[in-house]
Amino acid sequence: ESGDFGEYNHICPYYIVSLIIHEQDNPIREHVTKLNMYMNNIEHNIKAVHAAPIIRREEIYKNFDIYKRRKIFNTFFYFAKKVGIKYKNIIVDKKHKNALDINSSISMNLSAFVKQNLCYFQQFDKIIIYYDNGQNQLANILVSVFSSWFHDKFEYRTVSPYEYKLFQVADFICTLSLINHKLICGQNLTKSEQIFFGTKRKLKVNYLKHLKHLEFNQ
């Protein structure tokens, strides 16, 4: 997720949830092994990839030059495209909304998404949600919506981002999707985004066009 359930702020006007859908009979171990081999060879031995700090040159990436950060970013993006995932975004404009409104919007949109794709989800023996409980409000929404639709087929697991590469993919796609949504709404790239991606056109050609192909469509 990106954002929070607090009051509207022009610096952070949206709340976005990115759902990563992955069928567990589609193994990703080989891709994970290759990714780990690359990351283990990088200075500081990166355990988990966080897209926003890479772009903004923050946290463990603050001493990395632009070329190394782009290499990490591009390597992980390649991984995300190869592991057989699809994603669904739920984006809420927080303007004129309080915490209850945000909660309601996410719940209704998530439930509508499940309803529209019920036949797809019903083919599986179990529906497992992985989340790190980063925000209790969102955790409660996930449990409420999925348990109401799937009952005994539903399982909720609390995870650490460091242990699950697909959880890191969710963070990655959420970050890119938020940037894309801001562009759609007529906003400009931040200074950090301009330095990292270059022009809007380069961002769209190099990343957003490929991201579009990973959207969940049944």
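Residues numbered from 1 in each chain as written. Predicted model: local features only at pLDDT ≥ 70, side-chain atom pairs only at ≥ 80, totals over all residues. Heavy atoms only, no water.

Novice: Got a sec to walk through unusual backbone geometry? Specific residues and values, please.
Specialist: Although it is not a glycine, His96 adopts a positive phi angle of roughly 65°. Inspection of the secondary structure puts His96 in the loop between β2 (86-93) and α4 (99-116). A residue is classified by how much of its surface remains accessible, and His96, at 75% relative accessible area, is exposed. The backbone of His151 sits at a positive phi, close to 50°, despite the residue not being glycine. Tracing the sequence through the fold places His151 in the loop between α6 (136-150) and β4 (154-158). (Helix = DSSP H or I, 4+ residues; strand = E, 2+ residues; numbered from the N terminus. Buried < 20%, exposed > 50% of the residue type's maximum accessible area, 1.4 Å probe, protein only.)

Novice: Can you break down the side chain of Lys153 residue by residue, with the values?
Specialist: Note on placement: Lys153 falls in the loop between α6 and β4. The buried charged residue Lys153 lacks any salt bridge partner; its closest oppositely charged side chain belongs to Asp125, at an N-O distance of 6.3 Å. Of note is the side chain of Lys153, whose polar atom sits 2.4 Å from the backbone oxygen of Phe124. Contact partners of Lys153, with chain neighbours within four places excluded, come to Phe121, Gln122, Gln123, Phe124, Asp125, Lys126 and Ile127. (Lys, Arg positive; Asp, Glu negative; His and termini not counted. Salt bridge = Lys/Arg side-chain N within 4 Å of Asp/Glu carboxyl O. Polar contact = N/O pair within 3.5 Å; in protein donor to acceptor, adjacent residues only side chain to side chain. Contact = heavy atoms within 4.5 Å.)

Novice: So what's going on with the environment of Asp152? Residues and values would help.
Specialist: The residue Asp152 is located in the loop between α6 and β4 in this model. Along the sequence, Asp152 and Asp125 sit 27 residues apart, while their C-alpha atoms lie 9.7 Å from each other.

Novice: Give a description of the packing of helix α3 (residues 66-82) against helix α9 (residues 200-212) that names residues and reports values.
Specialist: Relative to each other, α3 and α9 sit at 15°, their axes nearing to 11 Å. With respect to each other, α3 and α9 are oriented roughly parallel. By crossing handedness, the relation of α3 to α9 is classed as left-handed. Residues Phe73, Asn74, Phe77 and Lys81 of α3 pack against Asn206, Tyr207, His210 and Leu211 of α9. Residues of the contact of α3 with α9, tallied by class, amount to four nonpolar, three polar and one charged. (Axes fitted to C-alpha atoms, helices over the stretch in contact; angles between N-to-C directions. Parallel < 35°, antiparallel > 145°, perpendicular 65-115°, else oblique. Left-handed = near helix turned anticlockwise from the far one by under 90°. Nonpolar A, V, L, I, M, F, W, Y, C, P; charged D, E, K, R; others polar.)

Novice: Now, about α4: what can you tell me, with residues and values included?
Specialist: Across its 18 residues, α4 extends 26 Å between first and last C-alpha, which sits within 8% of the 26 Å expected from 1.5 Å per residue. Along α4, the residues that are buried comprise Ile102, Ser105, Ile106, Leu110, Phe113 and Val114. For α4, the angular spread of buried residues about the axis comes to 155°, placing them on one side. The outward face of α4, more than 90 degrees from its buried face, is lined by the exposed residues Leu100, Met108, Lys115 and Gln116. Those residues of α4 that are buried are in contact with β1 (14-21), β2, α5 (118-122) and α6. Of the residues that open α4, the one with a side-chain oxygen 3.0 Å from the backbone nitrogen of Leu100 is Asn98. (Expected span 1.5 Å × (residues − 1). Arc of directions from axis to C-beta.)

The quantities given are spatial measurements derived from coordinates; they are silent on function.
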